2 protein chains.
Amino acid sequence: MVKSSPHKIQEIRRASRRLVRALGFMKANLAGTSLSPSAVHAIVEIGSGQAGRASELAATLQLEKSTVSRLLDRLSEKGLLTVTPSARDKRAQDLELTASGARLYGEIERFADAQVSAALEHLPGSCHDTVRLGLELYAAALQGEKPKPEFQIQSGYTPGILAAVTEFHALYYAQNFEFGAVFERKVATEMAEFLARVDHPQNEVFYAAIHGRVVGSVSIDGEDLADGVAHLRWFIVGDQARGTGMGQRLLAEALRFVDDMGFAETQLWTFRGLQAARHLYEQAGFVLVEEKPGQQWGKEVSEQKFLRPHGASGAGP
Amino acid sequence: MVKSSPHKIQEIRRASRRLVRALGFMKANLAGTSLSPSAVHAIVEIGSGQAGRASELAATLQLEKSTVSRLLDRLSEKGLLTVTPSARDKRAQDLELTASGARLYGEIERFADAQVSAALEHLPGSCHDTVRLGLELYAAALQGEKPKPEFQIQSGYTPGILAAVTEFHALYYAQNFEFGAVFERKVATEMAEFLARVDHPQNEVFYAAIHGRVVGSVSIDGEDLADGVAHLRWFIVGDQARGTGMGQRLLAEALRFVDDMGFAETQLWTFRGLQAARHLYEQAGFVLVEEKPGQQWGKEVSEQKFLRPHGASGAGP
DNA sequence: CATAACAGTTGCATTATGCAACCAAGTGAG
DNA sequence: CTCACTTGGTTGCATAATGCAACTGTTATG
């Protein structure tokens, strides 16, 4: 795993500090209420249905239960909250906002939304997702969560897929093997040609998207090799999604298509040095059948041909 | 300007709350010191040379000056800090960490770095930049800053440029004009062809990069039209950089090249409905000379031909 | 030179908070 | 069923953090 550079960490910490202060500042004047930060957080949590118990509140707000107890006292004294003993567990108590509590919650929501909205206005709209994603990832990471890779494999053309596949190839191979313009052009041109005939029943392109962006893809070209031979092409997963099992999923989906269509065998060309990919290929039933130097990608590498017979499903243990 | 959806704002707020709590939690136990959050922040600010005055500290920590005064008292009592009257301004006082203060600062730094580093370990390395950028942008936005668009215009092939240009075209025109595969393929194929001969002295590709990623580009094709006629092609700025003046800069750079190379005139094709671009073109001295329906981009639009004579520099006021 | 603005201090009141000891209600093993 | 243990919450106590307002001394400005 790649460690983040100290410099990057510094920058993250620096931004966090600013953030905490800026948000802390917001909280103080929040919606003109005279409530403390914790009280506001409590109202929000209860109002949004995230916390129905005092103990839950203590957990999310990271406060001691006694503090929460008193906090709830204050809020119910002000008539913002009803605290009723729970029916199921007589130790516990159900928390619910009163009408005026709900009104306050609404105000806080509107106020906070406006604040955030105003802040975001300072940024070009395209940054909004970066902000959202960055915050979510970091918040999750701080609490020790691994982000769940939510992606779905889909098939067929989607805008940007040619670009994405080209980009991943160009950047990855430029960085790791110093491939250049020839390679990027080759990928773009050949895949463009393929996409023109992707609707042919023996062809298909698969991709995984996160937040509407293509982050991984693989294609089956059923026409360009011999009859009954499927050609697995442009198999790649972008930086953002590497190590999430996406490659495996894509490959599985593609091979299911291959088997469903009754191809006698599947071929693919790659070259020596792509260990992770090779592992995936072999797991999926591919076998290395040929290896020789070549420079079809604009640079001399040891090209490898893999083959997978119909229905093969991986090397034994 | 595009408003962010309420949903997105909710998500940002939700993540912010988690973040503040998680960080708040970190602060409490921070490095095993018995210091309050503010005290730790103060040490960090002073230690990192960001604050040499009490008033500066009050500003960055968003605290009242009296609070800061007392905070500094406590710290100097503990021998972490020296508070000496400033030479230049007898009202003010210079803040400096003592040896033991500096040691503590070092510990805090190491501890916090380790925390952040540990958190980041939960994320794939490729997310780190998203986190950093997202936090920085949001922190800046909350304090009302507009992020400075730091980009430089460069020329020549760079890995990923074909992909980036294709992507921006595909996504933008798919979203706004429902262009599809035909268009994306056309862009990729033609630009790939162009890049094969971009080293010819009459051709050039210009691009702007942020953090090493291409976010805007324009090309001059000096060969595909008549002799002495420059063809301005693939002019586009990505989402992330729209509204930053990058388009103008790219265009200016491209036209400088055109004029330097002594082209008699420059032509470009676009179509009705791209107002922002049209404005830029006219500012740069282009004039609309022809308009007729066509479908060279895979969909029927009102195609426009613009022309700019050598050295023209924009419409008068 | 008078006045305002600035940097910081101090008295006072308020509030949030944690710890420890406590109670009451559920849980589980034998 | 019983006894020890856990869970959800309350209360007494001490303390730390904070803001406001009034204050001192210094510098800037007309």
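Refer to the preceding data block for the structure.
Residues numbered from 1 in each chain as written. Chains lettered and ligands numbered in written order. Predicted model: local features only at pLDDT ≥ 70, side-chain atom pairs only at ≥ 80, totals over all residues. Heavy atoms only, no water.

Peer 1: Summarise the interface of chain A and chain B; cite the residues concerned and give the values.
Peer 2: Counting residues at the interface gives 87 residues for chain A, matched by 89 residues for chain B. Buried surface at the junction of chain A and chain B, both sides included, amounts to about 8500 Å², of which 64% is carbon and sulfur. One salt bridge in this structure joins Glu109 of chain B and Arg13 of chain A, with 3.0 Å as the shortest N-O distance. Linking chain A to chain B there are 22 residue pairs in polar contact (both at pLDDT 80 or more). Elements with a minimum of two residues in the side of chain A that touches chain B: helix H1 (6-28), helix H2 (37-47), helix H3 (54-61), helix H5 (99-121), helix H6 (128-142), helix H7 (161-177) and helix H8 (181-196) of chain A. The dominant element in the side of chain A that touches chain B, judged by the number of residues it contributes, is H1 of chain A, at 19 residues. (Contact = heavy atoms within 4.5 Å. Buried area = accessible area lost by both parts, 1.4 Å probe. Salt bridge = Lys/Arg side-chain N within 4 Å of Asp/Glu carboxyl O. Polar contact = N/O pair within 3.5 Å; in protein donor to acceptor, adjacent residues only side chain to side chain. Helix = DSSP H or I, 4+ residues; strand = E, 2+ residues; numbered from the N terminus.)

Peer 1: Just give me the short version of the protein's contact with DNA strand D, but keep the residues and values in it.
Peer 2: Lining the immediate environment of DNA strand D, one finds 20 residues, of which Ser55, Lys65, Ser69 and Arg91 of chain A together with Ser36 of chain B sit closest. Counting only the atoms of DNA strand D within 4 Å of the protein, the fraction contributed by sugar and phosphate is 60%. Between DNA strand D and the protein, one listed contact pairs a base oxygen with a side-chain N or O atom of Arg91 of chain A at 2.6 Å. Residue Arg70 of chain B places a side-chain N or O atom 2.7 Å away from a base oxygen belonging to DNA strand D. When contributions to the surface near DNA strand D are tallied by element, the ones reaching two or more residues are H3 and helix H4 (65-77) of chain A together with helix H4 (65-77) of chain B. Considering only residue class, the surface near DNA strand D consists of two nonpolar, eight polar and 10 charged. (Near = heavy atom within 4 Å. Nonpolar A, V, L, I, M, F, W, Y, C, P; charged D, E, K, R; others polar.)

Peer 1: Before we move on, could you go through the side chain of His169 of chain A and cite the residues and values that matter?
Peer 2: Within the secondary structure, His169 of chain A sits in helix H7. His169 of chain A has contacts with Ala174, Phe183, Val187, Trp234, Phe235 and Ile236 of chain A, leaving out every residue within four places of it along the chain.

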